[in-house]
Amino acid sequence: MTTADFAAAFAALYAAHQVADHWVQTQPQADRKGLPGWAGRIACVAHVASYTLTAVVALALVAAATGWRPNLLAVAAGLTVSAVSHYAADRRTPLRRLADLLGKDPHWLERGGGLYALDQSWHVGWLFVAALLCAV
């Protein structure tokens, strides 16, 4: 792994995250992905699928533009980590339980944009791990 490979993978995954989470995700997916039961699971899987496809496109564009030749198994591992961690956060309950366990102020979580901040920082943290894997 080189520093440049990691940086390129992280930049691609971060850009893809921003686009997929805010532009590609449909409103029904956003509204339903945290619901209990199958309706929520299906909406979340659909969102994570389009999110992951966006990441694949971003990584492919980096490879085409720079000549980077990633290990495809490493990229698959990185994308799997990204997808699984994204699904867990977007189902809402796991992230909320973790916030409660860590003693996050319920008022900040609900009114101050705290849940959104925790959600986005969770995703970016896991993108860091995914980029490390992709760059191997």
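Preceding this section is the structure that the text describes.
No experiment lies behind these values; they were computed from the predicted model shown.

Peer 1: Teacher, can you tell me more about the packing of aromatic side chains here?
Peer 2: Aromatic rings in a pair are described by how distant their centres are and how their planes are angled relative to each other. Applying the stated rule across the entire model yields four aromatic pairs. Ring centres 5.3 Å apart and planes at 75° place the aromatic pair F6 and F128 in the edge-to-face group. In this pair, F6 sits in helix 1 (residues 3-24) while F128 sits in helix 7 (residues 114-134), placing the two residues 122 residues apart along the sequence. The class of F128 is partly exposed, set by a relative accessible area of 42%. Aromatic pair F10 and Y14: ring centres 6.1 Å apart, planes at 25°, arrangement stacked. Taken together, the residues span about one helical turn, with F10 and Y14 both in helix 1 at a distance of four residues. Overall, the relative accessible area of 24% leaves F10 in the partly exposed class. Taken together, the ring pairs connect F6, F10, Y14 and F128 into an aromatic cluster. Directly above the aromatic system of W38 lies the positively charged group of R41, at a separation of 4.8 Å from the ring centroid.

Peer 1: Teacher, can you tell me more about the packing of helix 3 (residues 37-66) against helix 4 (residues 72-90) here?
Peer 2: Working note: a packed helix pair is described by the angle between its axes plus the distance between those axes. At a minimum axis distance of 10 Å, the contact between helix 3 and helix 4 shows a crossing angle of 145°. Two packed elements cross with a definite hand, and for helix 3 against helix 4 that hand is right-handed. Residue-level contacts link R41, C44, V45, H47, V48, Y51, T52, A55, V56 and L59 of helix 3 to V75, L79, S82, A83, H86, Y87 and D90 of helix 4.

Peer 1: Teacher, can you tell me more about helix 4 here?
Peer 2: Each full turn of the α-helix corresponds to 3.6 residues, which orients residues three or four apart in the same direction. With 19 residues, helix 4 should reach 27 Å at 1.5 Å per residue; the first-to-last C-alpha distance of 26 Å fits that figure. Turning to helix 4, its buried residues number three or more, namely A74, V75, G78, L79, S82, A83, S85, H86, A89 and D90. If you follow the buried residues of helix 4, they end up packed against helix 1, helix 3, helix 5 (93-101) and helix 7. R92 lies just past helix 4 and shows a positive phi near 75°.

Peer 1: Can you walk me through the side chain of T52 in this structure?
Peer 2: Inspection of the secondary structure assignment puts T52 in helix 3. When residues no more than four places from it in sequence are discounted, the contact partners of T52 are L79 and A83.

Peer 1: Any chance you could explain the nonpolar core here in plain terms?
Peer 2: Buried together is how nonpolar side chains tend to be arranged in soluble globular proteins. Ranked by internal contacts, the top residues of the largest apolar core, which has 20 residues, are A9, L13, L59, W68, L79 and C134. Of all elements in the fold, only helix 1, helix 3, helix 4 and helix 7 reach the threshold of two or more residues within this core. Among residues more than four places away in sequence, those in contact with L59 are A9, A12, L13, W68, V75, L79 and C134.

Peer 1: It is not clear to me how the pattern of salt bridges should be interpreted in this structure. Could you clarify?
Peer 2: A side chain of one charge can pair with a side chain of the opposite charge when the charged atoms of the two come close. Inspection of every chain in the model, using the stated rule, returns four salt bridges. The salt bridge partner of D90 is K33, with a shortest N-O separation of 3.1 Å. Of this pair, D90 sits in helix 4 while K33 sits in the loop between helix 2 (27-32) and helix 3; the two residues are 57 residues apart in sequence, bridging distant segments of the chain. One salt bridge in this structure joins R92 and D119, with 3.7 Å as the shortest N-O distance. Here R92, found in the loop between helix 4 and helix 5, pairs with D119, found in helix 7; they are 27 residues apart in sequence, far enough to count as distant. Residue class for R92 comes out partly exposed when judged on its relative accessible area of 38%. On the basis of relative accessibility, which here comes to 7%, the residue D119 falls in the buried class. Each of K33, D90, R92 and D119 takes part in a single network of salt bridges with overlapping partners.

Conventions used here
Residues numbered from 1 in each chain as written. Predicted model: local features only at pLDDT ≥ 70, side-chain atom pairs only at ≥ 80, totals over all residues. Heavy atoms only, no water. Phe/Tyr/Trp six-rings, centres within 6.5 Å; stacked < 30°, edge-to-face > 60°. Helix = DSSP H or I, 4+ residues; strand = E, 2+ residues; numbered from the N terminus. Buried < 20%, exposed > 50% of the residue type's maximum accessible area, 1.4 Å probe, protein only. Lys NZ or Arg CZ within 6 Å of the ring centre and 35° of its normal. Axes fitted to C-alpha atoms, helices over the stretch in contact; angles between N-to-C directions. Left-handed = near helix turned anticlockwise from the far one by under 90°. Contact = heavy atoms within 4.5 Å. Expected span 1.5 Å × (residues − 1). Core = buried A, V, L, I, M, F, W, Y, C linked by side-chain atoms within 4.5 Å. Salt bridge = Lys/Arg side-chain N within 4 Å of Asp/Glu carboxyl O.

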